[in-house]
Amino acid sequence: MPRSRRPNHRRRCPANLVCPPLSSHKELSVVGGLWNCRSAIQKADFITAYAKVKSLHFLALTETWITPDNTATPAALSAGYSFSHTPRASGRGGGTGLLISTSWKFSIPTVPCLNISSFEFHAVTVTHPSALNIVVLYRPPGPLGAFLDELDTLLSSFPEDGTPNNLLDPHQSGFRTGHSTETALLAVTEALATARASSLSSVLILLDLSAAFDTVNQQLLISTLAEMGISETALSWFVSYLTDRSYQVSWKGSVSAPHPVYRSPAGICTGSSAVLYVKERISACLTDISEWMATHHLKLNLDKTELLFMPYKTSPLHDLSITVDGIVVAASRSARNPGVVLDDRLDFKEHIRATARSCRFLLYNQEDLTVPAHLLHPASCPDHVAARIRFKVLTLAYTAANRTGPAYLQDLIQNYVPTRPLRSSTAWRLALPPLHVKGSRSSRLRSFSTLAPQWWNELPIPLCSTPTLPAFCRGLKTHLFRLHLD
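Residues numbered from 1 in each chain as written. Predicted model: local features only at pLDDT ≥ 70, side-chain atom pairs only at ≥ 80, totals over all residues. Heavy atoms only, no water.

The name an unreviewed UniProt entry gives the chain is Reverse transcriptase domain-containing protein, with Synaphobranchus kaupii as the organism.

## So, the packing of helix α5 (residues 218-227) against helix α6 (residues 232-242)
Under the convention used in this document: An axis is simply a line fitted to the C-alpha atoms; with a helix, the fit covers only the stretch in contact. Between two such axes, the angle follows the N-to-C directions and lies from 0 to 180 degrees. By the criteria applied, helices consist of DSSP H or I runs no shorter than four residues and strands consist of E runs no shorter than two, each listed in order from the N terminus. Should an angle fall under 35 degrees it is taken as roughly parallel, and over 145 as roughly antiparallel, whereas 65 to 115 is taken as roughly perpendicular and any remaining angle as oblique. It only takes one pair of heavy atoms within 4.5 Å for two residues to be counted as in contact. Residues are grouped as follows: Ala, Val, Leu, Ile, Met, Phe, Trp, Tyr, Cys and Pro are nonpolar; Asp, Glu, Lys and Arg are charged; every other residue, Gly included, is polar.
Following both chains from N to C, one finds α5 and α6 inclined at 175°, their axes separated by 10 Å at the closest point. The orientation of α5 relative to α6 falls into the category roughly antiparallel. Across the interface between the two elements, Q218, L221, I222, L225 and A226 of α5 pack against L235, F238, V239 and L242 of α6. Split into classes, the residues belonging to the contact of α5 with α6 amount to eight nonpolar, one polar and no charged.

## Here we look at the nonpolar core
If you look at soluble globular proteins, the nonpolar side chains tend to sit buried side by side. We apply this condition: We call a set of buried residues a nonpolar core when its members are Ala, Val, Leu, Ile, Met, Phe, Trp, Tyr or Cys and they connect through side-chain atoms within 4.5 Å of each other. Residue burial is assigned from relative accessible area. The probe radius is 1.4 Å, only protein chains are included, and a residue is buried under 20% of its type maximum, exposed over 50%, and partly exposed in between.
One finds I413, F448, W456, L459, F472 and L476 to be the most contacted residues of the largest nonpolar core, which totals 25 residues. Counting residues per element, the ones that place at least two in this core are α10 (382-401), α11 (407-410), α13 (448-457), α14 (461-464) and α15 (469-485). No other element matches α10, which puts eight residues into this core. In contact with I413, other than residues within four places in its own chain, are A397, A400, A401, R403, L430, F448, A452 and P453. Counting residues in hydrophobic clusters, the runner-up holds 15 residues, among them L207, M293, L307 and V329.

## Section: the pattern of salt bridges
Note the cut-off: Any carboxyl oxygen of Asp or Glu that lies within 4 Å of a side-chain nitrogen of Lys or Arg is treated as forming a salt bridge with it.
Within the structure shown, the criterion is met by seven salt bridges. Residue E458 pairs with R390 through a salt bridge whose shortest N-O separation is 3.2 Å. Separated by 68 residues along the polypeptide, E458 in the loop between α13 and α14 and R390 in helix α10 bring together distant segments of the chain. When its relative accessible area of 18% is taken as the criterion, R390 is described as buried.

Shown next as structure tokens:
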């Protein structure tokens, strides 16, 4: 007796079958190639010559055998072309790269940490003359294993329409997911700490603009957006928001005449920058910034601009002042950089004292409040403070290791890759930076790039491999609670 088929209750909806309008585009002819070069070290000149003779726009290279410390071969391959590559992190052989025409514009996309073990790859995102992603793969001979699944995961990490989204500067921290003032401050202090650990002096300049949000030239803003590739409907949204607006005031039945509204878009970031320059070049740099702002109808407020000079103990220069547009900007012992007081010794004592004064003032002015003694004397409860610091550092390390945090934090840590197949290769560990280098060891031990991998490697492996940030935070709180209170 034949089996009855299960009734299908789903019905097609003709309204969903809509053909999307085709966007206008120009045909682009691309000439590329692939070369398994098996060591590009002795063939660099021949490889670039071959690409020129064949008039290739790009040439993908596999098995380059270029080690991370080899800078001569990438320089030789950059003759007449732009060369971008990903060397094998450890061990011999391997390595993938791309020769790209100098007339093309490209960037290295931010690819999430995928823990790929069956192949090596290198990816670039081309923005001119057309938008496309190029991925070079090298899979060593052997069983496929998880190759197809890992390849699907890799390709799924790119936008489906192939359009790159790299219009923002990698150091832009305002109004971006996973970015904040906290991450920007961490990047600045990390750069300053790294310089001090390397026996270098640093200069931090905190710029201020006069009425920044009220002086943005709307026409310049619209033209800049158009130059960045924003067009058609998206650009018309901005034009509609910024132009042809008016308002009227109604009072007791009387209505005033329409008046135009001059909108100024809130949220344009004007942050601070840390620069390492000699004294005479700092003034020239600020002069260039002031002139650029003047051409864009902005004004640099030098009266509120702060300069913090952090000399190393062997530096011959222990005082600094610069002159810009006839105004002298002298170095101060401390400066406030959004929410944090930085001092010239980078020990945060000024910030700790200011925070303690504020807390004591609030506590002592609370009526009918019994304040525990350990709150008035923080030194008696170091475990609570240490646990909070560790929680914050490990949370940022999780976003950096999974490539969901800011790019400037991702550059501070690296995944651990053993030199030979080991069980630890899939343990989600981070590589520890070398400590036996010239410079201040104590400053290096307090840096994020040192503490984050060290504390991360102490976590249980199941906690490190947690798939989402909220789940990781919950598990981390439980782990730290047991660690500090058991």
